[in-house]
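Close look at the chain arrangement
What follows is the residue order along each chain.
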Amino acid sequence: MQNLKKYLKIWLLMSRNSFLAVFNQKAALSIFLIGKIVRFFFFFSFIVFLLKGTKSLAGYNLNQTLLFFLTFNLVDTLSQFLFREVYRFRPLIVSGGFDLVLSKPINALFRSLMGGADLIDLVTIVPLTIATFYVANLLNPSILQTTFFVLLVLNGLIIAAAFHIFVLGLGIISLEIDHTIMIYRDLSSLGRFPIDIYKEPLKGIITFLVPIGIMISFPAKAIMGLMSPAGVIWSLTFGVLVFILSFKFWNFALKKYTSASS
Amino acid sequence: MWRVRNILQVVLTFFLWSSVFRDPQTEVFGYNQEKILTYVFGILILRAIVFSARAVDVAGEISNGDITNFLLKPVSYFKYWATRDIASKALNLSFSIVEITILFLILKPHLFLQINPVILFAVFVSLILAIILFFCLLFITNMSAFWMPENGWAAQFLFIVIITDFLSGGVFPLDIMPVAFQKVLYSTPFPYLLFFPLQVYLGKIGGPEIIRGLTTSIVWIFILITILKYVWAKGLRKYSAEGR
């Protein structure tokens, strides 16, 4: 508990520093915020007009399709907000500056993963959460289905954290971060629509191998009553296992760090 | 790696539209399965021809002062970047042809093949105009770095990566939008970058509309070149060779 409090305090401190740095570039902050909102609006309009014409997408009606889209945005934005520091990890490894992270009395993974919360994403989280719950409510979910949804969104975040840890580990071993993280983002964008639109073997790959389906589609399906309790438990177990595996990979990668250039 | 990202986007849109047009007899928004999948694959090629450009680096040159080197040389800065753009387009086009071949072999879509030489010539002309239009739009956006050197790339993200990509039909066909919105959009330069050449190729628009579209593109090119020259002149007066 003491440790948790300490790390919460450190996270708040690091986030405050990160926000202050962004506040210094108000023009960039405004442009990126507008960009994110415009992109969201374009995709949202696309889904509305598409479903007006087709009535359904892979068997889902407009509200259900919108829920998939909103759940994708919610998980994606939350993980961008929490794990933005990963995008700044490469210069630390290349320059040897990671030595300074290792020598500090806080967990190096914690610092590398969550050391720079993103203000732009934080601004969009509240309206996005309200929109997601509004659309979810239109589907009349039961309390159990809503609980499953919340649990599976949290599970999606755990899997997203695991992905980011894998990327960090790969970064130490191969010095490659930027492309890996962008490929992860592009793969996760496949979850913008219900994974049922994809055919096998791609559907299987993005459900189990790169578990975009579990991260994004399963929470939305839970609201629609399409997830059994066993399916939810299986998904949560999968999430925890992937997370443990990512830790093991990080520890393995850390032993490969050569402190070159420092 | 940027090519991998392009492929993933094509995969997403391919399966999305395949799902909508699961029944080959389905016809929505004036498209059948064959034409919509041609649109998806066509976008991959057209992006390589129209959107791939090295002029994205102009904002960086302005903000770090490297542009000074070119201002002192007896070469046209615009022609220099136009040349680099052509090289970039050739490189990207060759990649996209390989990718399309691989995707075609894996996904085996039924594609629409246009054989009318007059229409193919119109597609060719519309593509040339689209390349010039995009070059002007990209350059004008990059020149925002004269006034905000640290945020030239942010302006590019908003105006090129998001607004131009969507409004040109790069993410979805524009004719699924309401007719009133389309009419407004047709008076802007954006649809003439990707959407219009593809509509011509697919034979979705007739002769008078093709001529009107080509004329509008030419008018926009003149307007944008005028703006480009004006902004360039104003920008150079503002430029203080920071970083040099």
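Only a predicted model underlies this, so the values are computations on that prediction, with no experimental measurement involved.

Section: the overall build of chain B
Along chain B, the regular secondary structure elements total 10 helices and 2 strands. Along the chain direction, N to C, the helices and strands of chain B fall in the order α-β-β-α-α-α-α-α-α-α-α-α. Over its C-alpha atoms chain B spans a radius of gyration of 19 Å, differing by no more than 12% from the 18 Å that the globule rule assigns to 244 residues. In terms of overall dimensions, chain B has C-alpha extents of about 65 × 40 × 30 Å along its principal axes. The buried share of chain B, taken over its 244 residues, is 39%. Taking the intrachain contacts of chain B between residues at least 6 apart in sequence as the baseline, contacts between residues at least 24 apart amount to 80%.

Some details on the nonpolar core
Val40, Leu133 and Phe134 of chain B are the most contacted members of the largest nonpolar core, which totals 116 residues. With 13 residues, the single largest contributor to this core is helix 8 (residues 143–174) of chain A. Among residues more than four places away in sequence, those in contact with Leu133 of chain B are Pro189, Tyr192, Leu193, Ser217, Trp220, Ile221 and Leu224 of chain B. By size, the runner-up hydrophobic cluster in this structure holds 6 residues, among which are Ile31 and Phe32 of chain A together with Ala154 and Ala155 of chain B.

Here we look at the confidence of the model for chain A
Low pLDDT means the predicted atomic positions in that stretch should not be read closely. Mean pLDDT for chain A: 88, with 99% of residues reaching 70 or above. Averaged pLDDT values for the elements of chain A fall to 77 in helix 10 (residues 202–209) of chain A and rise to 93 in helix 12 (residues 229–256) of chain A.

Looking at unusual backbone geometry
All names here are of chain A. For Lys55, which is not glycine, the phi torsion reads 75° and is therefore positive. Summarising the element assignment, Lys55 is placed in the loop between helix 2 (26–54) and helix 3 (62–83). By C-beta crowding, Lys55 is classed as exposed, having 9 other C-beta atoms within 10 Å. Of note, Asn140 is a non-glycine position whose phi angle comes to about 50°, a positive value. Inspection of the secondary structure assignment puts Asn140 in the loop between helix 7 (119–137) and helix 8. We classify Asn140 as exposed; it has 9 C-beta atoms within 10 Å.

Rules used in this analysis
- Each chain carries its own residue numbering, running from 1 in the written order of its sequence.
- For naming, the first written chain is A and the first written ligand is 1, with later ones following in the order written.
- Local features in a predicted model are, by the rule used here, given only for residues with pLDDT of at least 70; side-chain atom pairs are given and counted only at 80 or more, and totals for whole chains, interfaces and linings are based on all residues.
- Secondary structure follows DSSP: runs of H or I at least 4 residues long count as helices, runs of E at least 2 residues long count as strands, and numbering of each begins at the N terminus.
- Atoms considered for the radius of gyration are the C-alpha atoms alone. The globule rule reads 2.2 Å times the number of residues to the power 0.38.
- Buried, partly exposed and exposed are defined by the number of other C-beta atoms within 10 Å of a residue's own C-beta, namely 20 or more, between the two limits, and 12 or fewer respectively, with C-beta atoms placed from the backbone.
- Think of it this way: build a C-beta for each residue from its backbone, and any pair within 7 Å is a contact.
- The term nonpolar core means buried Ala, Val, Leu, Ile, Met, Phe, Trp, Tyr and Cys residues held together as one set by C-beta atoms within 7 Å.
- Scored from 0 to 100, pLDDT records how confident the predictor is in each individual residue.

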